[in-house]
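Tertiary structure, described
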Amino acid sequence: MATVELRFSAQPEHVRTARLVAAAVARRAGVDEAVLDEVRLAVGEACSRAVGLHRSHGITAPVRVVLTEEEKNFSIEVGDGVTGTGGGAGTGGGTASDAPEGASSGDLYDGDAEGEDEMGLAVISGLVDDVEVTTGDDGGVIRMSWPTAPAVAMP
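Some details on the pattern of salt bridges
Across all of its chains, the model carries 6 salt bridges by this definition. The closest approach of N and O atoms between R40 and D37, which form a salt bridge, is 2.5 Å. Here the residue R40 and the residue D37 both occupy positions in helix 2 (residues 36-57), the gap between them amounting to 3 residues, near one helical turn. Note on D37: relative accessible area 47%, which makes it partly exposed. Between R49 and D80 there is a salt bridge, with its nearest N and O atoms 3.9 Å apart. Of this pair, R49 sits in helix 2 while D80 is found in the loop between strand 3 (73-79) and helix 3 (112-127), placing the two residues 31 residues apart along the sequence. Here the two residues R49 and D80 agree in accessibility, since each one is buried.

Some points on the sheet that holds strand 1 (residues 2-8)
As summarised here, the arrangement of the 5 strands in space is 1-2-3-5-4, forming an open sheet in which the pairing is antiparallel. The open sheet has two free edges, formed respectively by strand 1 and strand 4 (130-136), since each of these has just one partner strand. On average, each strand axis in the sheet is tilted by 15° relative to the strand beside it, whichever way the strands run. Pairing geometry for strand 1 and strand 2 (residues 63-69), over 7 bridges, is antiparallel. The partner of V4 across the bridge, within strand 2, is L67.

So, helix 1 (residues 15-29)
With 15 residues, helix 1 ought to run about 21 Å at 1.5 Å a step, and its terminal C-alpha atoms sit 21 Å apart, in line with that. Every buried residue belonging to helix 1 is among V15, A18, A22, A23, V25, A26 and A29, and all of these are buried. Following helix 1 by one or two positions, G30 adopts a phi angle in the positive range, close to 105°.

Some points on the environment of G58
Relative to the helices and strands, G58 resides in the loop between helix 2 and strand 2. Residues G58 and A10, 48 residues apart in the sequence, show an inter-C-alpha distance of 9.7 Å.

Calculation criteria
Every chain is numbered independently, its residues counted from 1 as its sequence is written. Owing to the predicted nature of the model, reporting of local features is limited to residues with pLDDT of at least 70; listing and counting of side-chain atom pairs is limited to 80 or more, with chain, interface and lining totals taken over all residues. Think of the side-chain values as coming from all heavy atoms in the structure, minus any hydrogens and water. Salt bridges are defined by distance alone: a side-chain nitrogen of Lys or Arg within 4 Å of a carboxyl oxygen of Asp or Glu. A run of H or I in DSSP counts as a helix once it spans at least four residues, and a run of E counts as a strand once it spans at least two, with each numbered from the N terminus. Accessible area is worked out with a 1.4 Å probe on protein chains only. A residue is then buried under 20% of its type maximum, exposed over 50%, and partly exposed in between. In this analysis, strands are considered paired if DSSP registers two or more bridges between them. Note on definitions: angles span 0 to 180 degrees between N-to-C directions of axes, and those axes are lines fitted to C-alpha atoms, for helices only across the stretch in contact. Expected helix span is given by 1.5 Å per residue-to-residue step, counting one fewer step than there are residues.

So, in structure tokens, the structure goes:
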């Protein structure tokens, strides 16, 4: 099992780098070329969501991306540092932990933050057949996986 771990500060400009790394590692792992755009988009969405959560909570810890190549599948975990029941990768409840950057607590009552959170998770679910969203003491994690083709030996 080969693993690549990427950590980056919660800045939107780093999301593009995470997408490029994910696509390159997925290609090397044997993910079908036709699916690479979906990998790129799903990772971009998950990383953008994690960056937003970090920034809205003032979390200075880096966003974590773990790319794992196994025998018949390739998985990516995007972790945020938002702990507890109000945030992380779980579905939002309109709390401050779900607020987009720049939103005040008064903005949360109209459901926009919850809608954005649910929309991001819906986009990821539409792109990835195998997705799991969890929240724990270490923060939220979005785990996505894709099947891989066996490596073809080159002559």
